[in-house]
Amino acid sequence: MSNDAATAIPAVELPRQEQAQEQERPVRGLGASLPSADARAKAEGTFPYAADLWAEGLLWAAVLRSPHAHARIRSIDTSAAAAMPGVRAVVTHADVPGDTSYGRSVADRPVFAADVVRHHGEAIAAVAADHPDAARLAAAAIIVDYEVLEPVTDPEQAFSAPPLHPDGNLIRHIPLRFGDPEATGEVIVEGLYRIGRQDPAPIGAEAGLAVPRPDGGVEIYTASTDPHTDRDLAAACFGLPPEQVKIVVTGVPGAMGDREDPGFQIPLGLLALRTGAPVKLAATREESFLGHGHRHPTLLRYRHHADAEGRLVKVEAQILLDGGAYADASSESLAAAVSFACGPYVVPHAFVEGWVVRTNNPPAGHVRGEGAMQVCAAYEGQMDKLAAKLGLDPAELRMRNVLATGDLLPTGQTVTCPAPVAELLEAVRNFPLPPLPSDAAQEDWLLPGGPEGAGEPSAVRRGVGYALGMVHMLGAEGTDEVSTATVKVQDGVATVLCAAVETGQGFSTLARQIVQEVLGVEEVQVAPVDTDQPPAGPAAHGRHTWVSGGAVERAAKMVRTQLLQPLAHKFGMSTELLQIQDGKITSYDGVLSTTVAEELYGKELWATAQCRPHPTEPLDEAGQGDAFVGLAFCAIRAVVDVDVELGSVRVVELAVAQDVGRVLNPAQLATRIEAGVTQGLGAALTENLRTPRGLVRHPDLTGYALPTALDTPDIRIVKLVEERDVVAPFGAKAASAVPVVTSPAAIASAVRAATGRPVNRLPIRPQSAVVN
């Protein structure tokens, strides 16, 4: 390997067939690599985030948070804080005029702790002052008399521990029963797996600005990813009707699921209402770690049965998710974990017990691929064990069991969407392996541990591992998925109004492409999002590509009909006989030929439309039901180098093949896959928010180790399967969650191959990779 190759920046590469297609793709509309409209502003640092907002007469907020994981509150004395210079208001639980608790699924989380603290960092009080330092000093001056209680931090102990909440410790239990419980296989392997607590770690910490309104309401400017739900929760706590509370979405500085917890917004709004002045909150990195949700730490026990040829007979599993102190998204995460517990494999018999419980650990919430990532690491560990016991190639064992369209999930749901799992696995299996590093001195940095590392080249072993992952798209179990969009065209410029928040997933770019495709309009703008618009739902599970993109398409097609009807009537034909392409309107017979710009001159056209996918149903008492609208799949092959004396791991390459339905924006899609793979890399090797006795240890980006550019391997996108899902608008599938789910399992598989160790914990600890 040359020196240039050794120092090349890791890159995402489209496969050769995709590169050829890329040269033929249009420059605008669907299929084009249209750049993001805000890319330049973000690169130059002029993009307006919530932390940049300002208002005349601005006050600053600070929140007092509990230093204990579990404690009884005897008293709260705010007198000293209220008397400090510059302090305008101090609010506690006694000052909440409406509902004192909130929650997206269960209203079990108090705005401010009243009688008991259930996790480290729980909000106790909030302060508004003239200066941010004055606000923080005043918050620190609030005297809280705690009776410290023994925390329950082990989810297994939560079953027998005294209730931590009036609703009890068990949030949900799902028993899944599929097939014959007496079925057995000739070969049986068992495993116990543990998945750590991954934090979303957004690049920008939470921030917001609340401004009181003349009608007694309040406007909150923040990086919400589900503004209408946040508005409704906040309004209930404020004791106001929803129409008196407005959420205005600012630039979102990173999102890995649901970006904001209303716990940051509600105290802000209360302070604005109390003071009658604008109030701003800019969380510190520590407050961010303490305040938002994390990935559910999970304990998984598995038993796989197979016949002598390696075909799966039965899977038995017990899955225990640690939901932390409050319910939040735990029910949904458990449903995904139980439903996908067997992975994208055909399993005739499956018996799974899933629980999610409350503890005194920090609350868990939405993090990309929730539930599915944890079980993927476990079932792929089981597939590696099964392959080793049968003496089969791990990829071959997987190939003998892959799921396909028409097969049944263990929930009893038929896979009706494209499921090219075998094609994906074959693609990464056949992709050429990267060359071994040479002994040249300039390549020392390629060794695990980097340059000047203590390891010896002779102790480095290479391993190759595989993983197959799956996720669901949109909400599940009866969630009413709906989005509304309006498309307006005036003076040749189109504007899209839709409350779908741009979180970095590329919706605003996609909306522009859709309108360009349907209407042939060059200039398309996407209006800022606020709750005066009809709801579009949360930015999770690829929803906005499907539901909001579908609404934009329908609205644009209605405008298209308005544009073409006069022409069709004039020439005595139907609108279906006219087409718009490259800004021109032509008829099937060539008689009519004009431009879109000419026909739009002096006109104002608009239409509003909704998109609502087909309904789903909750899982029943046996874990059965058509719970999911659609599924997406991914295969990843990982190549790692492991220093088996030190246990250090370097990921050399990740080869990715993904089921994408249809490529809508090639450059954007490649970026999303790269981001997902890199997030999975962090979960595999470095990211674990440690909480001894429930206390968050090192809540900062020094103690919490995110992967950097130097940690990121070569990411090779070897195949993108464009088999369109006929029920999805454009046929496209969610892109970023499934590589997050799959890459940690692939890396763990490669470390097993290099070391022969079981590697049953994520992130992988050095002692798990040491060979004695």
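Residues numbered from 1 in each chain as written. Predicted model: local features only at pLDDT ≥ 70, side-chain atom pairs only at ≥ 80, totals over all residues. Heavy atoms only, no water.

## Some remarks on the overall build of the protein
- For the protein, the count of helices and strands is 17 helices and 30 strands.
- What you see for the protein is a C-alpha radius of gyration of 27 Å, in line with the 28 Å of a compact globule of 772 residues.
- The proportion of buried residues among the 772 residues of the protein is 60%.
- Contacts in the protein between residues at least 24 apart in sequence constitute 80% of all its contacts with a sequence separation of at least 6.
- On the protein, roughly 29,300 Å² of surface is accessible, and the fraction owed to carbon and sulfur atoms is 51%.
- Taking the 63 positively charged and 94 negatively charged side chains of the protein as two groups, their mean positions are separated by 1 Å. (Helix = DSSP H or I, 4+ residues; strand = E, 2+ residues; numbered from the N terminus. Rg over C-alpha atoms; globule rule 2.2 N^0.38 Å. Buried < 20%, exposed > 50% of the residue type's maximum accessible area, 1.4 Å probe, protein only. Contact = heavy atoms within 4.5 Å. Areas by Shrake-Rupley, 256 points an atom, 1.4 Å probe, with all protein chains shown as cover. Lys, Arg positive; Asp, Glu negative; His and termini not counted. Charge placed at Lys NZ, Arg CZ, Asp CG, Glu CD.)

## Considering the sheet that holds strand E2 (residues 59-65)
- Spatial strand order, E4-E8-E2-E15-E12-E13-E14: 7 strands in an open sheet with mixed pairing. The outermost strands of the open sheet, each flanked by one partner alone, are strand E4 (87-91) and strand E14 (245-249). Each neighbouring strand pair of the sheet contributes to a mean axis angle of 20 degrees, computed without reference to strand direction.
- Direction of pairing for strand E13 (residues 218-222) relative to E14: parallel, over a ladder of 5 bridges. Residue pairing in the sheet places Val 218 in a bridge with Val 245 of E14.
- Packing against the sheet, helix H6 (residues 227-238) makes contact with E13 and E14, and its axis sits at approximately 145 degrees to E14. (Pairing = 2+ DSSP bridges. Axes fitted to C-alpha atoms, helices over the stretch in contact; angles between N-to-C directions.)

## Topic: the state of the cysteines
- A full pass over the atoms with the stated rule returns 0 disulfides.
- Among the cysteines around Cys 342, which has no disulfide bond, Cys 376 carries the closest sulfur, lying 12 Å off. (Disulfide = S-S within 2.5 Å.)

## Some words on the sheet that holds strand E23 (residues 578-581)
- Taken in spatial order, the 3 strands make up an open sheet running E23-E24-E25, and their pairing is antiparallel. On the outer flanks of this sheet lie E23 and strand E25 (593-595), each paired with one strand and no other. Ignoring which end each strand starts from, the neighbouring axes of this sheet average 25 degrees apart.
- Of the strand pairs in this sheet, E23 and strand E24 (residues 584-587) are connected by 4 bridges, and their pairing is antiparallel.

## Looking at helix H10 (residues 372-390)
- When the terminal C-alpha atoms of H10 are compared, their 27 Å separation across 19 residues agrees well with the 27 Å that a helix rising 1.5 Å per residue should span.
- One or two positions beyond H10, positive phi appears at Gly 391, with a value near 70 degrees. (Expected span 1.5 Å × (residues − 1).)

## Some words on the side chain of Thr 359
- If you trace the backbone, Thr 359 turns up in the loop between strand E18 (349-357) and H10.
- Residue class for Thr 359 comes out buried when judged on its relative accessible area of 1%.

## Considering helix H9 (residues 330-339)
- Across the 10 residues of H9, 8 count as buried, placing the element largely inside the fold.
- Among the residues making up H9, those that are buried are Ser 330, Ser 333, Leu 334, Ala 335, Ala 336, Ala 337, Val 338 and Ser 339.
- Residues of H9 that are buried in the fold lie against strand E10 (170-178), strand E17 (312-322), E18, H10, strand E19 (460-476) and strand E27 (628-643).

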